[in-house]
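# A structural walkthrough
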Amino acid sequence: MKGYNVMVLAEDAVGACFITFGVVAADDAQAATLALGAAQAEGYWSVEAEEVWLPDDVEPGDISDVPEVLGRTEPVYLDEDEIADEDAF
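Residues numbered from 1 in each chain as written. Predicted model: local features only at pLDDT ≥ 70, side-chain atom pairs only at ≥ 80, totals over all residues. Heavy atoms only, no water.

Right, let's get into the side chain of aspartate 12. Considering the arrangement of structural elements, one finds aspartate 12 in the loop between strand E1 (2-11) and strand E2 (16-25). Arginine 72 provides the closest opposite charge to the buried, unpaired aspartate 12, separated from it by 8.1 Å. Within the structure, the side chain of aspartate 12 is placed 2.6 Å from the side chain of tyrosine 77, a separation counted as a polar contact. Leave out the neighbours within four places in its chain, and aspartate 12 touches Tyr44, Trp45 and Tyr77. (Helix = DSSP H or I, 4+ residues; strand = E, 2+ residues; numbered from the N terminus. Buried < 20%, exposed > 50% of the residue type's maximum accessible area, 1.4 Å probe, protein only. Lys, Arg positive; Asp, Glu negative; His and termini not counted. Salt bridge = Lys/Arg side-chain N within 4 Å of Asp/Glu carboxyl O. Polar contact = N/O pair within 3.5 Å; in protein donor to acceptor, adjacent residues only side chain to side chain. Contact = heavy atoms within 4.5 Å.)

Another aspect to go through is a negative patch on the surface. Taken together, the side chains of Asp56, Asp57, Glu59 and Asp62 make up a negatively charged region of the molecular surface. Looking at where aspartate 62 falls in the secondary structure, it is placed in the loop between strand E3 (45-53) and strand E4 (68-72). Owing to a relative accessible area of 62%, aspartate 62 belongs among the exposed residues under this scheme. (Patch = residues over 30% accessible without salt bridge, like charges linked within 9 Å, V, L, I, M, F, W, Y side chains within 5 Å. Areas by Shrake-Rupley, 256 points an atom, 1.4 Å probe, with all protein chains shown as cover. Charge placed at Lys NZ, Arg CZ, Asp CG, Glu CD.)

The subject of this paragraph is the environment of tyrosine 77. Residue placement: tyrosine 77 occurs in strand E5 (residues 76-77). Sequence separation between tyrosine 77 and valine 14 is 63 residues; the distance between their C-alpha atoms is 8.1 Å. Those residues in contact with tyrosine 77, other than ones at most four positions away along the chain, are Asp12, Val14, Gly15, Ala16 and Cys17.

In this structure the tally under the stated criterion is one salt bridge. In this structure, glutamate 42 and arginine 72 form a salt bridge, with 2.6 Å as the shortest nitrogen-oxygen distance. On the criterion of sequence distance, the pair formed by glutamate 42 in the loop between helix H1 (28-41) and E3 and arginine 72 in strand E4 is long-range, its members being 30 residues apart.

If you look at the biggest cluster of nonpolar residues, it comprises 16 residues, and the most contacted ones within it are Val8, Phe21, Val23 and Tyr44. Elements with a contribution of two residues or more to this core: E1, E2 and H1. Excluding residues that lie within four positions of it along the chain, phenylalanine 21 makes contacts with Tyr4, Asn5, Val6, Val8, Ala35, Ala38, Ala39, Glu42, Val69, Gly71 and Arg72. (Core = buried A, V, L, I, M, F, W, Y, C linked by side-chain atoms within 4.5 Å.)

Spelled out as structure tokens, the structure:
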């Protein structure tokens, strides 16, 4: 097993956003599948894996032998600057 980061493009009631999931998986495809499933379970739709990569700072001894989603970042909305500008008024 390896530790992966998976960037997911998803949509929710606020709009389209990017979310990055930390995942333990056997390969890139499994990591993407786990992250997409986690995003859907949280209520996001139109989920797509944009990028899957191995982070540099993960020690092999810190990785479990079980495929799992470890956590995620907060969503970053594509039009976040526009939302911030609207809130200023």
